[in-house]
Amino acid sequence: MFDSVSLAASRGSARSAADVLVLGVFKGASLDDKSKPLAGDAGAGAIKRGEATGELGAIAEAFPSGRGAPSRIIIVGLGEKSSLSAGSFRAIAAGVGRRLAVTKDASVRVEFAGPIAAAKLDAGACGSAFGEGLGLLAWTCDHFRGSATPKKDRTRLKVSTTHAPFADGLARGLALAESANVTRTLSQTPPNIATPAWMASEARKMARKVGLSCEVMQGDRLEKERFTGLINVGKASENAPCMIRLEYAPRGAAREKPVVLVGKTMTYDSGGLSLKINNGMKGMKRDKDGGCAVFGAMHAIATVIKPKHRVVALLACAENSISDEAYRPDDVITFRNGVSVEVTNTDAEGRLVLADALCWACEKENPSAVIDLATLTGGVVVALGSVYAGMWCDDDRLRQRVERAAESSGELVWRLPHHQKYRDMMKSPIADIVNSAPVREAHPIQGAAFLSYFVENGIPWCHLDIAGTHATERDAGPFIAGPTGFGARLLAELLDQ
């Protein structure tokens, strides 16, 4: 797509020079009064052609002549006026951006003030969504390609607008997309590079760059802190496990309770001795995507959101491998909060490392809330597909905050139930609980029920299972096939409330 997207002028003048002018039109309508003089005769003619349907993201083009005129006018469909929302501008940006990637124009001026006012929308929110759409579309991860692949020329795109509130949002959206793209690049990095130690190194680099503190707990420290899940899951691999702790601490907030973000960061998952079958290991480099999302969220928190309260991130990093040191089905392990777990399936390992992080969060961080993200179960994909992430949260206030953040970010969540009967499903005949119940029902809920044993009563907690949303198999909207960075923008919006 693009090499990068930048904001050429946050408040350009009406005479701002750009290769392309972008205007919007509603389905079944003509150009609004603010857009008509900008479009001129060429633009007025363009919306009469068959391709100018006004459908969301549909493109019609005009080629004006005259001194100072842009070389191209893109008129993008906004859909029905009654259906237009701020979030629609991600799809609008995707339609525009994909066309600009083909034409290789280097600068674009976008003017949507008239339609935004007509739809009575917040211009800043619309600008943020548009910036996110362009920024997400610009992501690439070509640095693993070698000499056998020709290098593609990529355009550096500059964006301007004369609509000041939209411009402010645009800058915010581009910055949020950059953080989400950090998440996507981590996800894309192969497991022979992205080991737990490499993730720790990247966390240290990012922390130095954006002003976070970073601590890596590994080796004997894991034993000292009784990180039983990390120790057992990671002990079969020569790539040793670790717990990464990042903290954002603004001045004057040292005594405040932090929000704690927890990410499952399995840098590779073979299934352990309960070996994955039928090529089931392909793509398991993405079993770290919960932690990658938390990593990207901390980047956004430090560079874009800058909340006035503390935020702590815990990335539980391990590689689930196979050797004579591997943990086994039938093993019983006891966690730092005293809960004992009978291992029934070594491929249900993510919940074991998350248990360590949840125990630590509750005991050591004195949190105001805990939110964990994990590619935890295939069952959530069966239940919700790739549209929604599964959400478990019984705290009304926290749940509402997460749902608002999901609406703002376009990273949607759907609430699934907690119930004591699901917790009872996890009971073990020899230990307290099993890590995977011997029944095929309610698999995603089993995962949440297991994790609930490691969260202290009274602490607001939300579990997000992103197994269906963290990657896509096809190009659509602002995404190409590959990782989506799901969760980074959602968490950033959550912390911006």
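Predicted model only: the values in this text are computed from it and were never measured.

**Student:** What am I meant to see in the overall build of the chain here?
**Tutor:** Helix and strand content of the chain: 15 helices and 19 strands. Since a compact globule built from 497 residues should have a radius of gyration of about 23 Å, the 24 Å found for the chain is in line with a globular shape. With the principal axes as the frame, the chain shows a C-alpha extent of 80 × 50 × 45 Å. The buried share among the 497 residues of the chain stands at 57%. For the chain, long-range pairs separated by at least 24 residues make up 78% of all intrachain contacts whose partners lie at least 6 apart in sequence. Here the chain displays about 20,900 Å² of accessible surface, and carbon together with sulfur accounts for 48% of that area.

**Student:** It is not clear to me how the packing of helix 12 (residues 396-409) against helix 15 (residues 488-495) should be interpreted in this structure. Could you clarify?
**Tutor:** Angle between the axes and distance between the axes are the two parameters that describe a pair of packed helices. Relative to each other, helix 12 and helix 15 sit at 125°, their axes nearing to 8 Å. It follows from the interaxial angle that helix 12 and helix 15 lie oblique. The handedness of the crossing between helix 12 and helix 15 is right-handed. The residues of helix 15 that touch helix 12, namely those facing Arg 401, Val 402, Ala 405, Ala 406, Ser 408 and Ser 409, are Arg 489, Leu 490, Glu 493 and Leu 494.

**Student:** Just to check I follow, could you spell out the sheet that holds strand 12 (residues 340-342) for this structure?
**Tutor:** Within a sheet, adjacent strands bond to each other through the backbone by hydrogen bonds, running parallel or antiparallel. In space, the 3 strands of this open sheet follow the order 11-12-16, with mixed pairing throughout. Each edge of the open sheet carries a strand with a single partner, namely strand 11 (332-334) and strand 16 (433-434). In the sheet, strand 12 pairs with strand 16 via 2 bridges, with the strands oriented parallel. Paired with Glu 342 across the bridge in strand 16 is Val 434.

**Student:** What exactly am I supposed to notice about the packing of aromatic side chains here?
**Tutor:** For any pair of aromatic rings, the description consists of the separation of the ring centres together with the inter-plane angle of the planes. Applying the stated rule across the entire model yields 9 aromatic pairs. Relative to Phe 454, the ring of Phe 450 has its centre 5.2 Å away and its plane inclined at 45°; by these criteria the two rings are tilted. Judged by its relative accessible area of 0%, Phe 450 is buried. Residue classification places Phe 454 among the buried residues on the basis of a relative accessible area of 2%. Linked through ring pairs, Phe 89, Phe 112, Phe 130 and Phe 166 together constitute an aromatic cluster. Between Arg 423 and the ring centre of Tyr 453, over which it is positioned, the NZ or CZ distance is 4.0 Å.

**Student:** Hey, could you run me through the sheet that holds strand 7 (residues 213-218) in this one?
**Tutor:** The strand order across the open sheet formed by 8 strands is 7-8-10-9-13-17-14-15, and the pairing between neighbours is mixed. At either end of the open sheet lies a strand with only one pairing partner, and these are strand 7 and strand 15 (413-415). Averaged over all neighbouring strand pairs, the angle between strand axes comes to 20°, with direction disregarded. Here strand 14 (residues 389-393) runs beside strand 17 (residues 461-465); their pairing, made up of 4 bridges, is antiparallel.

**Student:** Explain the state of the cysteines here, please?
**Tutor:** What we call a disulfide is simply a covalent bond connecting the sulfur atoms of a pair of cysteines. Here the structure, examined in full by the defined rule, presents 0 disulfides. Cysteine Cys 359 shares no disulfide, and the gap to the nearest cysteine sulfur, in Cys 362, comes to 7.2 Å. In this structure Cys 362 comes out as buried when scored by relative accessible area, which is 7%.

**Student:** Sorry if this is basic, but what is going on with the pattern of salt bridges here?
**Tutor:** Once their charged atoms are close, side chains differing in charge can pair, the charge on each being opposite to the other. Using the criterion set out here, one finds 27 salt bridges in the structure. The partner of Arg 72 in a salt bridge is Asp 105, and the shortest N-O contact between them spans 3.3 Å. Linking Arg 72 in strand 4 (residues 72-77) with Asp 105 in the loop between helix 2 (88-103) and strand 5 (107-111), this pair joins segments that are 33 residues apart in sequence. What makes Asp 105 buried here is its relative accessible area of 9%. Between Asp 394 and Arg 415 there is a salt bridge; the shortest N-O distance is 3.3 Å.

**Student:** Even after reading the chapter, I still don't get helix 6 (residues 196-210), so can you show me in this structure?
**Tutor:** Note on helix geometry: an α-helix contains 3.6 residues per turn, so any two residues three or four positions apart are oriented the same way. Over its 15 residues, helix 6 runs 21 Å from end to end, which matches the ideal 21 Å to within 8%, given 1.5 Å per residue. Among all positions in helix 6, only Pro 196, Met 199, Ala 200, Glu 202, Ala 203, Met 206, Ala 207 and Val 210 are buried. Taken end-on, helix 6 shows its buried residues confined to a sector of 160°, consistent with a single buried face. Facing away from the buried side of helix 6, by more than 90 degrees, are the exposed residues Ala 197, Arg 208 and Lys 209. Taken together, the buried residues of helix 6 touch helix 5 (164-188), strand 7, strand 8 (242-248), strand 9 (259-269), helix 9 (289-305) and strand 10 (311-320).

**Student:** I'm lost on the side chain of Asp 356 in this one. Help?
**Tutor:** Its place among the elements puts Asp 356 in helix 10 (residues 350-364). Buried charge without a partner: Asp 356 forms no salt bridge, and the closest opposite charge is Arg 336, 7.3 Å away. Those residues in contact with Asp 356 that lie beyond four places of it in its chain are Arg 226, Phe 227, Thr 228, Gly 229, Leu 230, Met 243 and Phe 335.

**Student:** Would you take a moment to explain the packing of helix 9 against helix 15 for this structure?
**Tutor:** Put simply, helix 9 and helix 15 touch, their axes get as near as 8 Å, and they point 45° apart. Classified by the angle their axes make, helix 9 and helix 15 are oblique. In this structure, helix 9 crosses over helix 15, and the sense of that crossing is right-handed. Two secondary-structure elements touch here, helix 9 through Ala 293, Val 294, Gly 296, Ala 297, Ala 300, Ile 301 and Ile 305 and helix 15 through Ala 488, Leu 491, Ala 492 and Leu 495.

**Student:** Whenever I open this one, the nonpolar core confuses me. Can you help?
**Tutor:** A general trend in soluble globular proteins is that nonpolar side chains are found buried together. If you look at the biggest cluster of nonpolar residues, it comprises 46 residues, and the most contacted ones within it are Ile 244, Leu 261, Met 298, Ile 371 and Leu 464. Broken down by element, this core gets its largest block of residues, 8 residues, from helix 9. If near-sequence neighbours (up to four positions away) are discounted, Leu 261 is found in contact with Val 294, Ala 297, Met 298, Ile 301, Val 311, Val 312, Ala 313, Leu 314, Ile 371, Leu 491 and Leu 495. Counting residues in hydrophobic clusters, the runner-up holds 44 residues, among them Val 341, Ala 357, Phe 450 and Phe 454.

**Student:** I tried to follow unusual backbone geometry on my own but got confused; where do I start?
**Tutor:** Backbone geometry follows two general trends: most residues other than glycine have a negative phi, and most peptide bonds adopt the trans configuration. Despite not being glycine, Lys 104 shows a phi value in the positive range, around 60°. Structurally, Lys 104 can be placed in the loop between helix 2 and strand 5. Here Asn 278, not a glycine, exhibits a phi torsion of approximately 55°, which is positive. Mapped onto the elements, Asn 278 comes out in the loop between strand 9 and helix 9.

The rules behind each value
- As a convention, each chain's residues are numbered from 1 in the sequence order in which they are written.
- The predicted origin of the model limits local features to residues at a pLDDT of at least 70 and limits the giving and counting of side-chain atom pairs to 80 or more, whereas totals for whole chains, interfaces and linings rest on all residues.
- The basis for the side-chain values is all heavy atoms of the structure; hydrogens and waters are excluded.
- Secondary structure elements follow DSSP: runs of H or I of four or more residues count as helices, runs of E of two or more count as strands, with numbering from the N terminus.
- C-alpha atoms define the radius of gyration in this analysis, and the globule rule sets the expected value at 2.2 Å times the number of residues to the power 0.38.
- Throughout, exposure labels follow a simple rule: accessible area from a 1.4 Å probe, protein chains only, divided by the maximum for the residue type, with under 20% read as buried, over 50% as exposed, and the rest as partly exposed.
- Contacts are assigned to residue pairs that have any heavy atoms within 4.5 Å of one another.
- Per-residue accessibility takes into account occlusion by the displayed protein chains alone, with areas from the Shrake-Rupley method and a 1.4 Å probe.
- The axes are straight lines fitted to the C-alpha atoms, using for helices just the contacting stretch, and the angles between their N-to-C directions are given from 0 to 180°.
- We call two directions roughly parallel when the angle between them is under 35 degrees, roughly antiparallel when it is over 145, roughly perpendicular when it lies between 65 and 115, and oblique otherwise.
- Here is the rule for handedness: rotate from the far helix to the near one, and if that takes an anticlockwise turn smaller than a right angle the crossing is left-handed, while a clockwise turn gives right-handed.
- DSSP bridges decide pairing: two strands pair if at least two such bridges lie between them.
- Pairing of aromatic side chains requires ring centres within 6.5 Å, counting the rings of Phe and Tyr and the six-membered ring of Trp. Pairs whose planes differ by under 30 degrees are stacked, by over 60 edge-to-face, and all others tilted.
- A ring has a charge above it when a Lys NZ or an Arg CZ is no more than 6 Å from the ring centre and no more than 35 degrees off the ring normal.
- Note on terminology: disulfide denotes any pair of cysteine sulfur atoms within 2.5 Å.
- Should a side-chain nitrogen of Lys or Arg be within 4 Å of a carboxyl oxygen of Asp or Glu, the pair is scored as a salt bridge.
- Expected span of a helix, by definition, is 1.5 Å for each gap between consecutive residues, and there is one gap fewer than residues.
- Picture the helix axis, draw a direction to every C-beta atom, and the arc is the one those directions span.
- For the purpose of counting charges, residues Lys and Arg are taken to be positive, whereas Asp and Glu are taken to be negative. His and the chain ends are not included.
- For the purposes of this section, nonpolar cores are sets of buried Ala, Val, Leu, Ile, Met, Phe, Trp, Tyr and Cys residues that join through side-chain atoms within 4.5 Å.

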